[in-house]
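Okay, here's what each chain looks like letter by letter:
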Amino acid sequence: MTQEITLTVEKAALEHNIATLRAAVAPAAIMAVVKANAYGHGAVETARVFEGAGVDWLGVADLDEAVVLREAGITAPVLAWLHAPGETFERAAAHDVTPAVSGVEQLEAAVAAGVRAVHLCVDTGLSRNGAVESEWPELFRRAVATHDTVPVEGLMSHLANTSPADDGAQMAAFVRATGMLGDLGVEPRLQHLAASAAGLTFSGARITMVRFGIAAYGVSPFDDRSSAELGLRPAMTMTAPVTTVKRVPAGEGVSYGYVFRPERDTTIAVVPVGYADGVDRAASDRASVTIGDRTYRVRGRIAMNALVIDVGDDLVEVGDEVVLFGDPTLGRQGASDWAAAFGGIAYEVIASLSPHLARRYV
Ligand SMILES: Cc1ncc(COP(=O)(O)O)c(C=O)c1O
């Protein structure tokens, strides 16, 4: 039934977000992060919109994602920062993709492949990819040695968004890295460690570029601040039609495990959306959806391809459009509301949506 589920992506909202974010961090450059199928919005179409909106860079996790963009004709600069063991970077060179390298081995492979430039990725405290501080002298020395042929265009790191103090400590480490590289005579044009959260609230971390993921899609990176409060518009709306409506007597079990038994006679509506589409099953019996201007609770367990809502005594018909999430300022549930329903984060709600769902760009 996936063809009945529609993810509508409003291009004007994406453009609005880019303009808002650009103004917020100017004069820093901005990268729109389009990894994970553009956070569920559809990689190629979304990257095209961002490119048209004038972002300076597009960011992806890996070279597979980068090549998809290039093969679709995207020409904006693309940075990729997660690489398979033994990556040769030949695809990066062939497709004009800029790799961020996390160590000497990656640097040398990228140089040997003839990439146009590299960004050096340093670990300032996230403890994921990126060279740790003890590795910086060797990595920087080698990068400076090949700088004439493969320029060190950027220095990047990534924040843990733990607390202002922790982010500040990471920023201080980043400044040490910049200083160490500067002492070797190289000052990368693009210095970037802030993503959405720090880009919006930690002005000292913006340096010369900010990598915006979630905020570019109009979803707040914060639990306590809505997208509207940040001046952003959620670009994606998820809808599906009601496929079945039936009256259920009080006490009758609904969906697997009968975790829901209505206290009084009620009407339930079946919506053909389930966890196979990327909707988290942990939102069972907790999330809400809207039909028109009415909000209804998801009842019982979310199944692989269906969920059930309790519409009480309202008149709901087969074919009525159910909005699972969209822009809360329009009276819909937001991705954050769904996240709250299953104890997750809004990132998961949008990035988990199955790539097979129909996406419509308006
Ligand atoms: C290295 C890097 N930069 C930027 C981002 C974008 O983060 P956000 O969506 O919080 O803006 C991510 C996403 O996880 C990332 O891994």
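Not measured: the values here are computed from a predicted model.

About the cut-offs
Residues numbered from 1 in each chain as written. Predicted model: local features only at pLDDT ≥ 70, side-chain atom pairs only at ≥ 80, totals over all residues. Heavy atoms only, no water. Near = heavy atom within 4 Å. Polar contact = N/O pair within 3.5 Å; in protein donor to acceptor, adjacent residues only side chain to side chain. Areas by Shrake-Rupley, 256 points an atom, 1.4 Å probe, with all protein chains shown as cover. Helix = DSSP H or I, 4+ residues; strand = E, 2+ residues; numbered from the N terminus. Nonpolar A, V, L, I, M, F, W, Y, C, P; charged D, E, K, R; others polar. 1 Å grid on protein atoms, 1.4 Å probe; cavity = no way out; pocket = protein on both sides within 12 Å on 5 of 7 lines; lining within 4 Å. Points joined across faces, edges and corners; volume = space filled by probe spheres on them. Domains from an automatic or database assignment. Contact = heavy atoms within 4.5 Å. Buried area = accessible area lost by both parts, 1.4 Å probe. Salt bridge = Lys/Arg side-chain N within 4 Å of Asp/Glu carboxyl O. Core = buried A, V, L, I, M, F, W, Y, C linked by side-chain atoms within 4.5 Å. Buried < 20%, exposed > 50% of the residue type's maximum accessible area, 1.4 Å probe, protein only. Pairing = 2+ DSSP bridges.

Time to look at the site of the ligand. Around the ligand sit 14 residues in total, of which Lys-35, Tyr-39, Ser-196, Arg-211 and Tyr-347 are the nearest. Between the ligand and Ser-196, the relevant distance is 2.5 Å, taken from an oxygen atom to a side-chain nitrogen or oxygen of the residue. A distance of 2.8 Å separates an oxygen atom of the ligand from a polar atom in the backbone of Gly-213. Isolated, the ligand exposes 390 Å² of accessible area, and the fraction of that covered by the protein chains is 90%. Put simply, the parts of the chain that give the shell around the ligand at least two residues each are helix H2 (35–39) and strand S9 (209–212). Taken together, the residues of the shell around the ligand break down into eight nonpolar, three polar and three charged.

Now for the layout of surface pockets. Gaps between atoms show up when a probe of the same size as a water molecule is rolled over them. Estimates place the volume of the largest pocket at around 530 Å³. For the largest pocket, the lining is made up of 28 residues, of which Lys-35, Tyr-39, Arg-128, His-158 and Ala-195 are closest to its centre. Elements with a minimum of two residues in the lining of the largest pocket: H2, helix H9 (196–201) and helix H11 (346–351). Looking at which element gives the most residues to the lining of the largest pocket, the answer is H2, with three residues. Its residues assigned to classes, the lining of the largest pocket comprises 17 nonpolar, seven polar and four charged.

Right, let's get into the domain arrangement of the protein chain. Accessible area lost upon the coming together of the parts is a frequently used measure of interface size. According to the domain assignment, the protein chain contains domain 1 (11–217) and domain 2 (236–361). Each of domain 1 and domain 2 was reduced to a C-alpha centroid, and the two centroids are 37 Å apart. With nine residues of domain 1 in contact, the opposing surface of domain 2 contributes eight residues. Between domain 1 and domain 2, a total of about 890 Å² is buried, with carbon and sulfur atoms accounting for 68% of that surface. Taken together, the links from domain 1 to domain 2 amount to zero salt bridges. In this assembly, domain 1 and domain 2 are joined by two residue pairs in polar contact (both at pLDDT 80 or more). Those elements that place two or more of their residues in the side of domain 1 that touches domain 2 are H2 and helix H3 (43–52).

Turning to the nonpolar core, a few remarks are in order. Leu-58, Leu-120 and Trp-338 are the most contacted members of the largest nonpolar core, which has 116 residues in total. When residues of this core are assigned to domains, at least three fall in each of domain 1 (11–217) and domain 2 (236–361). Among the nonpolar cores identified, the runner-up in size contains six residues, and Val-248, Phe-260, Ile-268 and Val-270 belong to it.

Remark: a regular strand shows side chains that alternate across the two faces of the sheet. With burial as the criterion, each face of strand S1 (residues 6–9) is covered, one bearing Thr-6 and Thr-8 and the other bearing Leu-7 and Val-9. Relative to strand S17 (residues 358–361), S1 is paired through four bridges, and the arrangement is parallel. Across the sheet, the residue bridging to Thr-8 is Arg-360, located in S17. Both S1 and strand S10 (residues 236–241) contribute to a ladder of four bridges, which runs antiparallel. Counterpart to Thr-6 in the pairing with S10 is Thr-239.

This paragraph deals with the pattern of salt bridges. Note on pairing: side chains with opposite charge can pair once their charged atoms come close. This model, assessed by the stated rule, comprises 14 salt bridges. In this structure, the salt-bridge partner of Glu-133 is Arg-176, at a minimum N-O distance of 2.8 Å. With Glu-133 in the loop between strand S6 (118–121) and helix H7 (136–145) and Arg-176 in helix H8 (residues 164–183), the pair connects residues that are 43 residues apart, well separated along the chain. Arg-299 is the partner of Asp-285 in a salt bridge, and the nearest nitrogen-oxygen pair spans 3.3 Å. Here Arg-299 lies in strand S14 (residues 294–299) and Asp-285 lies in the loop between strand S12 (266–271) and strand S13 (288–291), a separation of 14 residues in the sequence. In terms of burial, Asp-285 and Arg-299 fall into one category: buried. The structure contains a network of salt bridges with shared partners spanning Glu-108, Glu-138, Arg-141 and Arg-142.

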